[in-house]
Amino acid sequence: MASISLSSICPSAALSFQEKCKDKTKSSVLFGKEKQPLYMKTKSRGRITMAVAVNTSRFDNITMAPPDPILGVSEAFKADTSDMKLNLGVGAYRTEELQPYVLKVVKKAENLMLERGENKEYLPIEGLAAFNKATAELLFGADNPVLHQQRVATIQGLSGTGSLRVAAALIERYFPGAKVLISSPTWGNHKNIFNDARVPWSEYRYYDPKTVGLDFDGMIADIKAAPDGSFVLLHGCAHNPTGIDPTPEQWEKIADVIQEKNHIPFFDVAYQGFASGSLDEDASSVRLFAARGMELLVAQSYSKNLGLYAERVGAINVLCSSADAAVRVKSQLKRIARPMYSNPPVHGARIVANVVGNPDFFNEWKEEMEMMAGRIKSVRQKLYNNLSAKDKSRKDWSFILEQIGMFSFTGLNKAQSDNMTDKWHVYMTKDGRISLAGLSAAKCEYLADAIIDSYHNVS
Amino acid sequence: MADHSSSVFSQIARAPEDPILGVTVAYNKDSDPSKLNLGVGAYRTEEGNPLVLNVVRQAEQKLVNDPSRVKEYLPIVGLADFNKGSAKLIFGADSPAIQENRVATVQCLSGTGSLRVGGEFLAKHYYEKTVYIPSPTWGNHPKIFTLAGLSVKTYRYYDPATRGLDFQGLLEDLGNAPTGAIVLLHACAHNPTGVDPTLDQWEQIRKLMRSKGLLPFFDSAYQGFASGSLDADAQSVRMFVADGGECFAAQSYAKNMGLYGERVGALSIVCKTADVASRVESQLKLVIRPMYSSPPLHGASIVATILKDSNLYNEWTVELKAMADRIISMRKQLLEALQARGTPGDWTHIIKQIGMFTFTGLNAEQVAFMTREHHIYMTSDGRISMAGLSSKTVPHLADAMHAAVTRVA
């Protein structure tokens, strides 16, 4: 399998918005205004019972799009017939038996909902009120003064992606020309979202391959160098794909430089509770910024922490400096959502509202989350143990223990990642990211062998 | 402490409420016991309650009881069984387009989401960026297409003088559209007017559009709800597919399966060849992924469960017909009530119009009067949702309309 660059398999990811603009009419100028489209050949207008349509489609010029770099991995995995295959692609939690997991508390909530016989009326554009209240409280802390002061505009969104997209549309409309700074690397879909929303972006240094850690000086320098009033996309916890998070002291310094430059922090919180096992601890970066009186945006997702992946539950929160601004911002978020999907889906939001709103369910949830986060921490340890024991080169693999969350950034390059798949039937993304959520204790040794082979024998 | 005077959001103005969904917001604020919500098109029973269909409850129970069910991400294109079932529903199970694999179907967020994804796809890949929408049309249509990146023009549709179709105007305007332009068509039960072309008129529209290479984009939000028959309500769409040409169809299950809040719908693109369809599908994924990654599972699972099970499917058709029949009976009752009151004017359009809505012909002042004095909530274009009426509330509405017509210009 030839190795392909990320830019060729995901064209919109590689280009910044400006570059895309120059290219935008490429697929659309096939037919000039003067010519009649090739697909249409009529003998005479209006005198025939059926327009004689030639076997040419008006969409004939459309090329086959490449598979999504992340979601496409699961498709390839399904097609593989090997017994040894292992799916470490998409970040979806698996049990030790490598089965998908529906949280017990989610099943209880759904049964309760069915018993109650809830109706299926349209939600308001902003979503389920009980969900919006619960999600903001979960994020900021129920007793946070910003909530009492009503300074947070919250609308339910289509999981993380949908919430990011609505926020991007707000930026495009009200902060024309403002850039979003995204980490290098970041989740593969971030660039697509901003491109499609027509928001320019640029990268700040983040991952240092030499240390397999955070390039903190580079990050600060790049944030400083950006034009004042840029949006800075930060991963609230469990950075995707690297698993490398700033320390609390580093968060303070990041907040300092953002305030200096009048930048606006934009948090992507997809793993609250999943990183450390504690909901409150994982929200500390957001709460730190809020406590400084900063205005900020936060996109939340319940895909992972409540296992609600396919139900598409999330929220966009905008913390403003006044209640009046929050009212105005909320009204404009609604105006963006209405022509996109009118109002969000009710089912997943009701599950969240029921779980968070019921003290017994909430405690059960916290326990299940600790269990999931715990299983991931334990496979991290086991993987590290196997790598250290089996790698004769004495390479230091401890970065795996320091990384946080669902993923590990192995440091493997594209060719090495391809080797993982081609030779070892280990499916992962080409940036070297593996999802530990898809790893069982039983498979740690096999994975260690695969990583050692790919790292040392392939360049 | 936050500096309340300086906000990066200070230039953001407060947006007004959505004109349609805002009606419900206003209705909710009204404390008068006689208030009536005839705004948004959501079905109500004779008792004035929302309705969850029996088949939907049965399907949900099946899903909840199934221990093997998981909540893993759907593929970007959505639930496969749902997509197949939806295409069959609108195009007919025996449609050659389906059999020849020429249809690309993707699950989307109800009608709105299907229209938006289709619009964005066209803005990206189609050479003609203008979409023609009927005048009037659902209030959200122009916003959806504009934000998708298309430019919006209108074609004549409703004739206030006859309260019917301005067919000549329609043919003229479509005749003058540039070759290849996109044309939005309401498959049945036109919203807001309830005025649909006859089958003959559809055939003439089809011929004209094919001769000019205009691209049909159907909005099918009321299949089964208009006449009570799923097949009859899909005739317009099937006519266009039968001639072998290409078209778009956005489907919604909000009304006909009562799944409003679950946001279930599908976008189908009928292409000339299977090869084009598969390339089109791959590009649709690139539109969807940066918008919301993949669609929600619950509602689509309910639909797929019902469509696949012949008992549930048959039960569904019976429940659907019952809803359509109740609306038709409300139309009759309202007309009779107005005639009994001697309300000036010809109100027979109430029973001629089709679907959930009646375009009363009342003007904005009359509507405002009815809201203020009689607590009737409806959109300012004079549209009322018959689905929100019951035998008990028809008299109240008739009184309000009578008062509006006789006292407000």
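On a predicted model such as this, the values are computed, not experimentally measured, just so you know. (Residues numbered from 1 in each chain as written. Chains lettered and ligands numbered in written order. Predicted model: local features only at pLDDT ≥ 70, side-chain atom pairs only at ≥ 80, totals over all residues. Heavy atoms only, no water.)

Re the environment of Lys-108 of chain A
Residue and element names in this part refer to chain A.
Here is step 1 of the chain: Relative to the helices and strands, Lys-108 resides in helix H5 (residues 104-116).
Here is step 2 of the chain: Judged by relative accessible area, which is 40%, Lys-108 ranks as partly exposed.
Here is step 3 of the chain: Taking the C-alpha atoms as reference points, Lys-108 and Ser-82, separated by 26 residues in sequence, lie 37 Å from one another.
Here is step 4 of the chain: Ignoring sequence-local partners within four residues, the contact set of Lys-108 consists of Phe-361 and Glu-364. (Helix = DSSP H or I, 4+ residues; strand = E, 2+ residues; numbered from the N terminus. Buried < 20%, exposed > 50% of the residue type's maximum accessible area, 1.4 Å probe, protein only. Contact = heavy atoms within 4.5 Å.)

Comments concerning unusual backbone geometry
Leave glycine aside and you will find that most residues have negative phi; peptide bonds, for their part, are mostly trans.
Here is step 1 of the chain: A cis amide bond links Asn-240 of chain A to the next residue, Pro-241 of chain A, at an omega of 20°.
Here is step 2 of the chain: Within the secondary structure, Pro-241 of chain A sits in the loop between strand S7 (231-235) and helix H11 (248-260).
Here is step 3 of the chain: Residue Pro-136 of chain B follows Ser-135 of chain B across a cis peptide bond; omega there is 5°.
Here is step 4 of the chain: Tracing the backbone through its elements, the reader meets Pro-136 of chain B in the loop between strand S3 (130-135) and helix H6 (141-148).
Here is step 5 of the chain: One non-glycine residue, Val-212 of chain A, adopts positive backbone phi at about 50°.
Here is step 6 of the chain: With respect to the element layout, Val-212 of chain A can be found in the loop between strand S5 (207-208) and strand S6 (213-214).
Here is step 7 of the chain: On the basis of relative accessible area, Val-212 of chain A is assigned to the buried category, the value being 14%.

Focus on the sheet that holds strand S9 (residues 247-252) of chain B
Strands in a sheet are paired, the pairing made by backbone hydrogen bonds, and the direction either parallel or antiparallel.
Residue and element names in this part refer to chain B.
Here is step 1 of the chain: In spatial order, the strands read S2-S10-S9-S8-S7-S3-S4; together these seven strands make up an open sheet with mixed pairing. Each edge of the sheet is formed by a strand with only one pairing partner; in this case those strands are strand S2 (103-109) and strand S4 (151-156). Across the sheet, the mean angle separating the axes of adjacent strands is 25° when strand polarity is ignored.
Here is step 2 of the chain: Taken together, the four bridges between strand S8 (residues 215-220) and S9 define a ladder with parallel strand orientation. By the bridge assignment for S9, Phe-218 is matched with Ala-249. (Pairing = 2+ DSSP bridges. Axes fitted to C-alpha atoms, helices over the stretch in contact; angles between N-to-C directions.)

Brief notes about the interface of chain B and chain A
Here is step 1 of the chain: Each partner contributes residues to the interface: chain B has 97 residues there, and chain A has 97 residues.
Here is step 2 of the chain: Carbon and sulfur atoms make up 58% of the area that chain B and chain A hide from each other, which totals about 8,300 Å².
Here is step 3 of the chain: Looking at the side of chain B facing chain A, the largest losses of area belong to Phe-9, Lys-71 and Tyr-73 of chain B, adding up to 11% of the total buried there.
Here is step 4 of the chain: On the surface where chain B and chain A come into contact, there are 12 salt bridges.
Here is step 5 of the chain: On inspection of chain B and its partner chain A, the count reaches 45 residue pairs in polar contact (both at pLDDT 80 or more).
Here is step 6 of the chain: Listed by contribution, the elements that provide at least two residues to the side of chain B that touches chain A are helix H2 (54-65), helix H5 (110-125), H6, helix H8 (199-211), helix H10 (274-292) and helix H11 (297-308) of chain B.
Here is step 7 of the chain: Ranked by the residues each element gives to the side of chain B that touches chain A, the list is headed by H10 of chain B, at 13 residues. (Buried area = accessible area lost by both parts, 1.4 Å probe. Salt bridge = Lys/Arg side-chain N within 4 Å of Asp/Glu carboxyl O. Polar contact = N/O pair within 3.5 Å; in protein donor to acceptor, adjacent residues only side chain to side chain.)

These figures come from the coordinates and say nothing about function on their own.
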